[in-house]
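As a plain string of letters, each chain reads:
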Amino acid sequence: MALGTSRREPRVRQYSLLSVLFSGGVDSLLICAALGQLLAQGSEVDLLNVSFSNGDCPTASADRISGKSYFLNDDFHSGQQGYELLRQHYPKIKWNWVEIDVTSDQWANIRKTIVQKLLHPSDTVMDDSIGCALWFAGNCSASSSSSAGGGGVVEKLFIGSGADELFGGYMNHRTTFTRQGQQALQQTLEEELRRIGQRSLGRDDRVLDRPWRTTHAPFLDEPFVVWVNQLPLEWKVDLRYPRGLGEKLIIRAVLWKLGFNPSCFLCKRAIQFGSNVVKLQDKKLLGHMTLQSTTPR
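Rules and cut-offs
- Numbering of residues begins from 1 in every chain and follows the order in which that chain's sequence is written.
- Per-residue local features are limited, in this predicted model, to residues with pLDDT of at least 70; the limit for side-chain atom pairs, both in listing and counting, is 80 or more; totals at the level of whole chains, interfaces and linings are taken over all residues.
- Hydrogens are left out, water is left out, and the side-chain values use all remaining heavy atoms of the structure.
- Strands here mean DSSP runs of E at least two residues long; helices mean DSSP runs of H or I at least four residues long; both are numbered from the N terminus.
- Two residues form a contact once any of their heavy atoms are found within 4.5 Å.
- Where accessible areas are quoted, they stem from the Shrake-Rupley method and a 1.4 Å probe; at the residue level, only the protein chains shown are allowed to cover.
- Site definitions follow a grid-based scheme: protein atoms alone, a 1 Å grid, a 1.4 Å probe that fits but cannot get out for cavities, and for pockets an open set with protein on both sides within 12 Å along at least five of seven lines, plus lining residues having an atom within 4 Å of a point.
- Grid points are joined across faces, edges and corners, and a volume is the space filled by probe spheres set on the points.
- Side-chain classes follow a simple rule in which Ala, Val, Leu, Ile, Met, Phe, Trp, Tyr, Cys and Pro form the nonpolar group, Asp, Glu, Lys and Arg form the charged group, and the remainder, Gly included, forms the polar group.
- Each Phe, Tyr or Trp ring, with Trp reduced to its six-membered ring, pairs with another whose centre is within 6.5 Å; inter-plane angles below 30 degrees give stacked pairs, above 60 give edge-to-face pairs, and intermediate values give tilted ones.
- Orientation is described by lines fitted to C-alpha atoms, with helices fitted over the stretch in contact, and by angles between N-to-C directions that extend from 0 to 180 degrees.
- Relative orientations are named as follows: roughly parallel for angles under 35 degrees, roughly antiparallel for angles over 145 degrees, roughly perpendicular for angles from 65 to 115 degrees, and oblique for any other angle.
- Helix crossings fall into two classes, left-handed where the near helix is turned counterclockwise from the far one by less than a right angle and right-handed where it is turned clockwise.
- In these notes, a set of buried Ala, Val, Leu, Ile, Met, Phe, Trp, Tyr and Cys residues joined through side-chain atoms within 4.5 Å is what counts as a nonpolar core.
- Only protein chains enter the accessibility calculation, which uses a 1.4 Å probe; a residue is then buried when its area is under 20% of its type maximum, exposed when over 50%, and partly exposed in between.
- pLDDT gives the predictor's per-residue confidence on a scale running from 0 to 100.
- Any Lys or Arg side-chain nitrogen found within 4 Å of a carboxyl oxygen on Asp or Glu counts as a salt bridge.
- Note on pairing: DSSP must find at least two bridges between two strands before they are called paired.

**Some points on the overall build of the protein chain**
Reasoning step 1: If you tally the helices and strands in the protein chain, you get 14 helices and six strands.
Reasoning step 2: Taking as baseline every contact in the protein chain between residues at least 6 positions apart, the subset at least 24 positions apart corresponds to 77%.
Reasoning step 3: Just so you have it, the protein chain exposes about 14400 Å², and 56% of that area is on carbon and sulfur atoms.

**Quick look at unusual backbone geometry**
Reasoning step 1: Cis geometry marks the peptide bond from His-120 to Pro-121; its omega dihedral reads 10°.
Reasoning step 2: Turning to its location among the elements, Pro-121 is positioned in the loop between α4 (104-119) and α5 (125-143).
Reasoning step 3: The peptide bond linking Asn-261 to Pro-262 adopts the cis configuration, its omega dihedral lying at 15°.
Reasoning step 4: Note on placement: Pro-262 falls in the loop between α12 (249-258) and α13 (271-274).
Reasoning step 5: One non-glycine residue, Lys-248, adopts positive backbone phi at about 55°.

**Section: empty space enclosed by the protein**
Reasoning step 1: Within the structure shown, the criterion is met by one cavity of 30 Å³ or more.
Reasoning step 2: Along its surface, the largest cavity is lined by Gly-168, Gly-169, Tyr-170, Met-171, His-173, Arg-174, Leu-239, Arg-243, Glu-247 and Lys-268.
Reasoning step 3: Within the lining of the largest cavity, the residues separate by chemical class into three nonpolar, three polar and four charged.

**Focus on the packing of aromatic side chains**
Reasoning step 1: This model, assessed by the stated rule, comprises nine aromatic pairs.
Reasoning step 2: An aromatic cluster of at least three residues, connected via ring pairs, comprises Phe-167, Phe-219, Phe-224 and Trp-227.

**What about the packing of helix α7 (residues 171-180) against helix α8 (residues 182-194)?**
Helix-helix packing: each pair is described by the crossing angle between the helix axes and the interaxial distance.
Reasoning step 1: Closest axis-to-axis distance for the α7/α8 pair is 7 Å, and the angle between their directions is 150°. For the element pair α7 / α8, the angle class is roughly antiparallel. Both α7 and α8 take part in a crossing whose hand is right-handed. Residues Asn-172, His-173, Thr-176, Phe-177 and Gln-180 of α7 lie in contact with α8, whose contacting residues are Gln-182, Ala-184, Leu-185, Thr-188, Leu-189 and Glu-192.
Reasoning step 2: Tallied by class, residues from the contact of α7 with α8 come to four nonpolar, six polar and one charged.

**Section: the nonpolar core**
Reasoning step 1: Among the nonpolar cores identified, the biggest contains 35 residues, and Val-45, Leu-47, Leu-86, Trp-95 and Ile-251 are the most heavily contacted of them.
Reasoning step 2: Only β2 (16-21), α1 (26-38), β3 (44-52), α3 (74-89), β4 (94-102), α6 (163-167), α10 (222-229) and α12 provide two or more residues apiece to this core.

**Describing the confidence of the model for the protein chain**
Reasoning step 1: Across the protein chain, pLDDT averages 83, with 78% of residues at or above 70.
Reasoning step 2: This model gives residues 9-15 a pLDDT under 50, and the stretch forms 18 contacts once residues within four places in sequence are excluded.
Reasoning step 3: Note on residues 141-152: pLDDT is under 50 here. Beyond four places in sequence and across chains, it has 26 contacts.

**Brief notes about the environment of Leu-17**
Reasoning step 1: Considering the arrangement of structural elements, one finds Leu-17 in strand β2.
Reasoning step 2: According to the relative accessible area criterion, Leu-17 is partly exposed, its value standing at 40%.
Reasoning step 3: C-alpha separation for the pair Leu-17 and Leu-157, spaced 140 residues apart in sequence, amounts to 8.5 Å.
Reasoning step 4: Beyond its immediate sequence surroundings of up to four residues, Leu-17 is in contact with Glu-155 and Lys-156.

**Digging into the pattern of salt bridges**
Reasoning step 1: Counting across every chain of the model gives 15 salt bridges.
Reasoning step 2: The shortest N-O distance in the salt bridge between Asp-127 and Arg-203 comes to 2.8 Å. You can see Asp-127 sitting in helix α5 and its partner Arg-203 sitting in helix α9 (residues 196-208), a full 76 residues away along the chain.
Reasoning step 3: For Arg-194, the salt bridge identified is with Glu-191, shortest N-O distance 2.7 Å. Highlighted residues: Arg-194 and Glu-191, both in helix α8, separated by three residues, approximately one helical turn.
Reasoning step 4: Classification of Arg-194 by relative accessible area gives exposed; the value is 60%.
Reasoning step 5: A relative accessible area of 32% means that Glu-191 is categorised as partly exposed.
Reasoning step 6: Salt bridges here are not isolated pairs; linked through shared partners, they connect Asp-27, Asp-164, Lys-248 and Lys-268.

**Observations regarding the pairing of β3**
Reasoning step 1: When you tally the buried positions in β3, you get nine out of nine residues, the bulk of the element.
Reasoning step 2: Burial along β3 is two-sided: Glu-44, Asp-46, Leu-48, Val-50 and Phe-52 facing one way and Val-45, Leu-47, Asn-49 and Ser-51 facing the other are all buried.
Reasoning step 3: As judged from the nine bridges shared by β3 and β4, these two strands associate in the parallel manner. Each residue of the ladder has a partner; that of Leu-48, found in β4, is Val-98.

Right, here's the structure in full:
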């Protein structure tokens, strides 16, 4: 069974040395902008964009026969916009758009046989949806690209983990600020950063870790975290401003200065929503529910 359908440009080199989990949001876009400035001319970077079927498309062949796209979602559109901006701003880099399309049958099979085992002990509905999106991004890029005439092993995979905790990207941060003010927001960010290993990094490592790959989270590089924590809070996040501006304010400012308008004003969108994987789950389930509690007895 194929592990997902990946479409990309023909490749000459056998291995993809650098890849970014790419939604086109401000976190992944800033990582790519940094790579665009640091890498030598002719370097290649794969932009991994994950889409889950948003319609009744159990197999990839059904999609090809009908000619209808079941995989268009928010992350696809923002990713395409970011991809074009990267090509304009950093033409010396070969940006490879890698579209990973996952059907409902593929999701159901891999979720049960692989992902839920890797997630343990993380066991919420939210862990399940995020874990599935990460697994397909990290595995289909390697397995399916070889069938497209190139590609191969992803040796370094960059992800945007930590940006929300450092720069106030979650909706609960805005709620805290509105109800309790700036000091409470500061305390919430500090607490979430302390808990990030238990809350999400352990889960992500188990899902993404492979002998042939190292996963990098640049926002959690220790010197960077120390530097960010020394900045005034209002430089990093100012929730007096509306969504798409106030959260992750300093990231948006950097992208705006680099010329990434309008992508620098995109609202926060979690991977489980942007990729549409949540639409494959039971709509009655809430993110905080445990998988065990949702399993029929």
